[in-house]
Structures are given as C-alpha cells and as structure tokens.
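Observations on the model geometry
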Amino acid sequence: MTRLRLKLGVCPGLIVLLLAGGVSAANLLDEICAQYPGRPHSWLEVVNTLKALDEASPRLSAYSVGLSHEGRQIPLAALYAPGTKFGETARLFIIARQHGSEKAGTEATMALIRHLVGTQNEPELNLLRRVTLIICPMVNPDGAERNRRRNAQGRDLNRDWAALSQPETRAIEAAVRMWRPHAFVDLHELPANSRKAAYKVNFVETLGPDAALSPALSGDCMFVARTLTFRANAYGFPLNAFFDDSSDNLALAHRHFGFRHGLYSFLLEAKTGGGRDMKHRMRFHLLGMLTIAAFLAGKVAAPSATASMPLEAQPPRAVSRRPARPSPAPAGPVEPVRTTVRLVSPAAGSEIAGDTVLRAEVTSSEEFSYVTFEIDGRVKALTNTAPFEYRLDWTDLAPGGHKVAVRAHNRSGTVLAQDEIPIRLRGETTQVAE
Ligand SMILES: [Zn+2]
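Read on for an overview of the structure. (Residues numbered from 1 in each chain as written. Predicted model: local features only at pLDDT ≥ 70, side-chain atom pairs only at ≥ 80, totals over all residues.)

Focus: the overall build of the protein
When its secondary structure is counted, the protein shows 10 helices and 16 strands. Counting across all 434 residues of the protein, residues that qualify as buried make up 46%. Pairs at least 24 apart in sequence give 75% of the contacts found in the protein among residues at least 6 apart. (Helix = DSSP H or I, 4+ residues; strand = E, 2+ residues; numbered from the N terminus. Buried ≥ 20, exposed ≤ 12 C-beta atoms within 10 Å, placed from the backbone. Contact = placed C-beta atoms within 7 Å.)

What follows is the structure in structure tokens.
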C-alpha cells in the first residue's frame, strides 16, 4: 500500500480524453483486446500476472483484499499515473466475475490493465492523470475455478450486498470503504438463451430518479447511460439501459454502492451466444469502462460541466456490425422523414395483472437515436435497439391507474416524438419468481 501514497504529480492543462479525437476508439478497443491471451485466465494466472506487473511497473500496485471461502486471494490492482497523490484524481472502482462462470469481465479488465501498464498513448496517459482505476478482475475465485455462478458456499454473491455474509463481498466492501471511489462498475454476462425481454441484448443499469438520491447523482448516471448508448450505436452494439430506484433489491452490488454509498454506479451486462465471441464481449465491457472513466475525467477537469463533455462533441466513426438503417431515397424531392413513436402494446386502458412487455413502434429519421420508457413520469429504461421493448416491473407498482409513456429522442436527448397511455394494474398480484 505504501506505493499508493505517491510522489510528484503533474497535471496537464489540456484534456485529451480517451475516445475523443487523436486515437480512433475502434482501434483502441482492438488494441486493448489484442492483450487477450487467447484463452481465459485461471485465478492463479490473474494473481501471478498482477504480481509481476506490480514489480515491473510504476503505474500499478496490486495486493490481495482478502481470502475467498476456500482461501484463495482476491486480487485488486490500482492503476495511476506515477506521482499521483490520493485525492488529486477521480477514483473508479471496477469489479468483475462475481459470477464465476462469467469470464468476459475478467478478460476485459486484465486486458485493460495490461494495456494501461504498457501504453505510451497520450490520451490514456492523460486519463490516468485524472482517474485512478481500482480493479478487482475476479471477486469469486472459488466459483471461477469451478466455472460456476455461485461461490464455494453455494451463495450468489450478487445477492449478498445487503447481508455481507460472505468473505468475498466483505473483502470488496472493505476495499471500497478504504478507497472511497467516486464511481463503481460491476461487469457481468447475460445467458445466451433467456426468455426475459430485458436479457435479449447488452445492457447497462444505473441509478434513476429517486427521492433517496440527489438529482445531480442520478442525472449524471443517466447522462453516462445515454453517452454509452450513442457510442454503442456507433459501434453497432445493441444496448438497453435500465434505471434503478430505491425500491429495487439493494442486495445487488451496483445498487448497494449507488444507494447506500452514494456513488455513480453501473452494472454492465454483455450478452453471450449468437456468435458473440470473447473479444466481442470484451469490447462491450471496455467501451463501458472507458466511457465511465472518461466521464469521471471530465468531472475532474470541469467539475460542473458534464453537459459539455468532449465525449459528446466527437462521436467515434461507425464500425457497424448491423445492417445500416434504411435511409431516404437519394434522388428527387423527398419528404423529410419524421420520427414517430407509438405504444403498440399493451392497448390504452388495459388492465395488467402479470408480466407485461411494453412495446413501441418507431418510424425513425436520421436524427433518431433511442427510445425511453417512462412509468408515471419516471424514466425506467432506454434502448437503441428494435424491437423497442421494456418489461414492466409491475411488482413495483401499486394497484390502480398508471401512466405509461414512450419517447423517441435524438442524440442530445431532445424528444422527437412521444406517446402516452393509461393502464390499470389489477390488485392482489402474485410475483412470479425467476
Ligand atoms: Zn452475473
């Protein structure tokens, strides 16, 4: 730890953010992914790699924050510009692999660590001068060794953050208390074959408007989710965003650190299956981590100027894996295409009594970027991907009348079109466990 109480500290006057000019972001993701050794790291390889990097590099300090139930070290690496003093930078705490079978988070963080230790790219070095990254690539070593979701005691760690009953969650909680980060990120993967509407594509989940939070905190979290959506659009990643409130289950890590610790907090879920290989899933996680890190860097440079973040000004060039959106015919006088949006399901005035998927139909123009779903005036979800759907969490709602709204936005968040319907929630509902 002594190594982390650092020496000298030069702060450059000019902010050159990752993903904004200079370095092509697409190339950057490829450059980082090239660090993937071709097969996933074992727990011992993670620990030994971090030890070796700690000895070799002045940019990294690694140590163990505690032991798993079976006595394996839970490794943590801190990355910073040499000379940084605690308190001079924003601190971003990233965890991966709470679920032992979800390998892409470990590989994305290990590749990012290797890249940041070795790179001479000025944007990344500038980022490290503003943001200290504190990374645990493997929270659940016992589960990882067995390639299974739960820890050695059969517990789902990402349902343990209220109780903190497991050595793994307690170790991370203690490390977060020590590092006092500004933001928290938790990396996961979605099963290939899931019937849940929310699980069809990658998603980010973060803090939404809630009386328990400062509007600035949830507003910034939603801003980052929108920023990530623009970038996901540009890279051809389908993406949904979901927004939590304090009535949600706070036993999940990102909600625990958001609502109880007051951090900017994000869950990233990379979709598996359908030909999405390891590097594809890593790229999504890397895009998420770098977008959040760049947001924090902007905060350091201009504490109250999120709206003018350089990230916003220069989107990356599109590297689309999807077919391009249909565009208007090239010749002749053409009616300008206007965006329209309509809630096609459920029907207005419907009585809801169970799982309900809200579905919107969009006629999109060039400027269309994403759709939001709102319940009673509160934004619950955002998606850039057709079919535009949101599974209504009706267990959160009181019986009686509610308003459902869908809005189509351009990339700066302006509403292009909207639709709103009343629904009724029948009383005496029973929750379906999944
Ligand atoms: Zn998971």
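Next comes the rest of the description.
Describing the pairing of strand β6 (residues 203-207)
β6 sits mainly inside the fold: 5 of its 5 residues count as buried. Bridge analysis of β6 against strand β7 (residues 240-244) gives 5 bridges, and the strand direction is parallel. What sits directly across from leucine 207, in β7, is aspartate 244. As a crossover connection, the stretch from β6 through helix α7 (residues 215-235) into β7 is right-handed. In terms of strand pairing, β6 meets strand β8 (residues 264-271) through 4 bridges, oriented antiparallel. When the bridges of β8 are listed, glutamate 205 appears paired with leucine 267. (Pairing = 2+ DSSP bridges. Right-handed = clockwise from strand over helix to strand, strands pointing away.)

As for the sheet that holds strand β11 (residues 356-363)
Backbone hydrogen bonds hold the strands of a sheet together, and the pairing may be parallel or antiparallel. One open sheet accounts for 3 strands, arranged β9-β11-β14; its pairing is antiparallel. Looking at the sheet topology across the chains shown, the edges are occupied by β9 (340-345) and β14 (388-392). The mean angle between the axes of side-by-side strands here comes to 25°, regardless of whether they run parallel or antiparallel. Taken together, the 5 bridges between β9 and β11 define a ladder with antiparallel strand orientation. When the sheet's bridge partners are listed, threonine 340 is paired in β11 with threonine 363. (Axes fitted to C-alpha atoms, helices over the stretch in contact; angles between N-to-C directions.)

A look at helix α8 (residues 253-260)
The element α8 is largely enclosed, with a buried count of 7 among its 8 residues. Residues of α8 that are buried sit in contact with β3 (90-96), α6 (167-179), β5 (183-190), β6, β7 and β8. Positive backbone phi, at 70°, marks glycine 262, one or two positions downstream of α8.

Here's the deal with unusual backbone geometry
Here serine 345 and proline 346 are connected by a cis peptide whose omega angle stands at -5°. Within the secondary structure, proline 346 is located in the loop between β9 and β10 (351-352). A cis amide bond links alanine 386 with the next residue in sequence, proline 387, at an omega value of 0°. A positive phi angle, near 50°, is found at leucine 164, a position not held by glycine. For leucine 164, a count of 16 C-beta atoms within 10 Å gives the class partly exposed.

Things to note about α6
Counted at 1.5 Å a residue, the expected span for α6 with its 13 residues is 18 Å, and the 18 Å between its end C-alpha atoms agrees. Just downstream of α6 lies arginine 180, where phi reads positive at about 45°. (Expected span 1.5 Å × (residues − 1).)

Focus on the environment of valine 117
By secondary structure assignment, the location of valine 117 is in helix α3 (residues 104-118). Judged by local crowding, valine 117 falls into the partly exposed class, with 18 C-beta atoms found within 10 Å. Each C-alpha atom of the pair valine 117 and leucine 53 lies 7.7 Å from the other, and the pair is 64 residues apart in sequence.

Digging into the pairing of strand β4 (residues 131-136)
Extensive coverage of β4 is indicated by the burial of 6 of its 6 residues. A two-sided burial pattern is seen for β4, the buried positions comprising Val131, Leu133 and Ile135 on one face and Thr132, Ile134 and Cys136 on the other. Direction of pairing for strand β2 (residues 73-79) relative to β4: antiparallel, over a ladder of 3 bridges. Residue pairing in the sheet places leucine 79 in a bridge with leucine 133 of β4. Taken together, the 6 bridges between β3 and β4 define a ladder with parallel strand orientation. Residue pairing for β4: isoleucine 94 is matched across the bridge by isoleucine 135.

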